[in-house]
Every structure is written in structure tokens, then in C-alpha cells.
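Descriptive structure summary
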Amino acid sequence: MHAPSAHAETTERPMPPVGWLTSAALACVVVGGILLASYAPRVAPLGVATALLVAAALLMIAAVTLLSRIKEFAWTTFVLVFKWALLAYAITAGMIEFAFAHDHTRGASLVVVTLMLVVFATSVPTTIAFTVARYADPG
Amino acid sequence: MNDEVTNSVATEPSTSAPPPSASRPKIQVVPVRGLPIVALLVVFVALSIGFNWQWGLMFNHVVGGGLWTGIDLFVGLVIGPILGRLSIPARAEFSARFMPKMVIIMPTVVMMTLATGFQVARFSGNLLASSPNHAWLIVSFCVVGVMAVIALGVLEPANIAVLFEMNKPVPNGARIGRLMQRFIYTAGITGVMQVATLIIMTRLASR
């Protein structure tokens, strides 16, 4: 193992705040999930949870839009990391969905939970893949 | 995943680096040998939830939670300060062996803890609004939420980015240092949250 170069470059290419946006989306669905879970086994009021879900979806759309506009980006690295992280977090989200369905969550509540889990399962891989790819050579 | 990841990164040309060293071993970003164990644990958790297997639920929650809290505090309070005092080559060598293991261990113990924790709370009656423990449970949800956002949105991306950087022909030390600063900045928050978890969980279990 060689040590990292001590005289490495300290300046980075400016990048849009994709990681911040996807992390903010994650925070929205985590808060929404806590809200829904705090009412269990009663049916939670869906107004605030839906608003948080919409906010998370808008943040994800903004992140993907900014991501798609980056010139000279390491897309190969991004896709490689994203697909494996997506697999891992889809399994985790599936487990949470299974637990909610097993606990008799039904109807609109289950739809909101499912959509939140979709945001969860895509936001984390996007954050990871972007953080890795932004430092990779575009190739 | 491992070979694909290491190969794809290692073959990328470096724009500002000297020629690559052929002798440097590649880092396994994800230790493939650990994946069957993870798969077994996922199945174990799913079966415990699916069949309302109370021992399985409690086992996964207590073992997963204990490891999660223990590892977080041990790494933050013991390993971290030691690592900070090592030479840069020693730090790099330790991180190259340590961080891939964390990539696989931490998500697994978190999954074990959280997926079964909700079921344990349901069976113990703590989920009911009338339970005297309900407020403590909600606080624990909030604590876990803060830790989840920090771990998934801040630390894990940095961990994997560092491993990819270390797999480059000549890693960028300044970049690795910047990414590793995230661990230092969040160590205090994570430590406080984990101590809060210990207090809440022991309180829930003793009432």
C-alpha cells in the first residue's frame, strides 16, 4: 500500500449541489417515515407526510436535472456505483416495505410509505455514486 | 462487484499523477466473501418478521443494535483518535483494510436493528399511544433518523469515495483528507446519539 500523494492538488472542479439535494430528500423521507411510524398502529394523518414526500420528490428531480447537465462527468463510474448501491438499498427498502405490509398498513398510507421508500432507495445510491464519480476522471 | 469496481477505477488515467505503481494491491471496495453472511442475515430477519418469531426479532434487534452502537462508539472514541496520530502511510494502510469491512458490516447491523426494532416495539406494546414508553420510543425514532441521515447521506458516500480514491494509481491525499474530515465533524453528533440510544433502550427495557 502506497501513501496518498502529499503534494496532491487541492482544488476541485466546481459541481452542482447534487449530494446536498439528495441528502435533503433523504432527510425529508426519514422525517416523514418517523411521523408515520409514530402513529402506528393507528392510521397516521397523511397531510404532512405527503407534503414531505412531495418535497423529497422535488429535491430528487432538481438533483437529477442538475446531474444531467454536468459536462465531462465520469458517467461510467457513476452508473457502476449507482447500480450496485441501488441493489443494496432496494433490498433494505424492500425489507422495510415488507415490515409495513406485514403490520397491516394499507391504502393511502401504504402508497405514501412505498413512494417514500422509492425516494430512499434512489436518493442514497445517487448520493454515493455522485460523490464517487465527481472525483473520478471523466474518461 | 469488487473486480468490476477495482478494474474500472484502476484503469482510469490520472490527469495529475506520476505513472502508476503496478505493485500496489487493489482495495476490495466490497468484501465479496462477506456477502453470503449478509444474505443469510437478510433471510433471517425476513423470516423473523414474516413468522412473528419473537426470539429471532429480539436476537436481531439486540445483537444488531449492540454491534451498531458499540462499533460506532469504539471507532469514534478509540480507533479514530489513534488513527489521527499515525503516520500518513500507516493511516492509509489501516484504512485500506478497515473501511471495506465497514462498508459491509454497518449497513447489515443497521438493517438488523431497524427492521426488527419496529416489530419488537409492536409486540411489547410500546407502539401504543397509551404506553408509558411511547414518548421514549418516538425519541428513539428521532435519534435513529438523525443517525441514518448522517450515515447514509454523509459518511457512507465519503467512505466509498475514499476507497475509490485509494484505488487510483496515485491517490489524492488532500482529497482523501477532505473526505475523511466528514467523519471528524460528525463523530460528536453520532457519539451523542448513540449514548442517547443506550439510555433510551435500557430505559424501555426496564419499564
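1. Things to note about the packing of helix H4 (residues 107-133) of chain A against helix H5 (residues 134-166) of chain B
The N-to-C vectors of H4 of chain A and H5 of chain B enclose an angle of 40°; their axes lie 8 Å apart at closest approach. Here H4 of chain A is positioned oblique relative to H5 of chain B, judged by the angle of their axes. Judged by the twist between their axes, the crossing of H4 of chain A over H5 of chain B is right-handed. Contacts between H4 of chain A and H5 of chain B involve Phe 120, Val 124, Thr 127, Ile 128, Thr 131 and Val 132 of chain A on the former and, on the latter, Leu 152, Gly 153, Glu 156, Pro 157, Ala 158, Ile 160, Ala 161 and Phe 164 of chain B.

2. Some words on the pattern of salt bridges
Counted according to the given criterion, the structure contains four salt bridges over all chains. Across the salt bridge formed by Asp 103 of chain A and Arg 122 of chain B, the nearest N and O atoms sit 2.8 Å from each other. In this pair, Asp 103 of chain A is assigned in the loop between helix H3 (75-102) and H4 and Arg 122 of chain B in helix H4 (residues 88-124), connecting two distinct chains. The class of Arg 122 of chain B is partly exposed, set by a relative accessible area of 27%. The closest approach of N and O atoms between Lys 168 of chain B and Glu 165 of chain B, which form a salt bridge, is 3.0 Å. For the pair shown, Lys 168 of chain B and Glu 165 of chain B are each scored as buried.

3. Details of the packing of aromatic side chains
Scanning the model with the defined rule gives 14 aromatic pairs over all chains in all. With a centroid separation of 5.5 Å and an interplanar angle of 75°, the aromatic rings of Trp 75 of chain A and Phe 78 of chain A are classed as edge-to-face. Placement of the pair is Trp 75 of chain A and Phe 78 of chain A together in helix H3, with a separation of three residues, close to one helical turn. Trp 75 of chain A gets classed as partly exposed once you look at its relative accessible area, which sits at 35%. Exposure remark for Phe 78 of chain A: the relative accessible area of 8% places this residue in the buried category. Look at Trp 53 of chain B and Trp 55 of chain B: their rings are 5.5 Å apart centre to centre, the planes differ by 55°, and that puts the pair in the tilted class.

So, how was this worked out
- Residues numbered from 1 in each chain as written.
- Chains lettered and ligands numbered in written order.
- Predicted model: local features only at pLDDT ≥ 70, side-chain atom pairs only at ≥ 80, totals over all residues.
- Heavy atoms only, no water.
- Axes fitted to C-alpha atoms, helices over the stretch in contact; angles between N-to-C directions.
- Helix = DSSP H or I, 4+ residues; strand = E, 2+ residues; numbered from the N terminus.
- Parallel < 35°, antiparallel > 145°, perpendicular 65-115°, else oblique.
- Left-handed = near helix turned anticlockwise from the far one by under 90°.
- Contact = heavy atoms within 4.5 Å.
- Salt bridge = Lys/Arg side-chain N within 4 Å of Asp/Glu carboxyl O.
- Buried < 20%, exposed > 50% of the residue type's maximum accessible area, 1.4 Å probe, protein only.
- Phe/Tyr/Trp six-rings, centres within 6.5 Å; stacked < 30°, edge-to-face > 60°.

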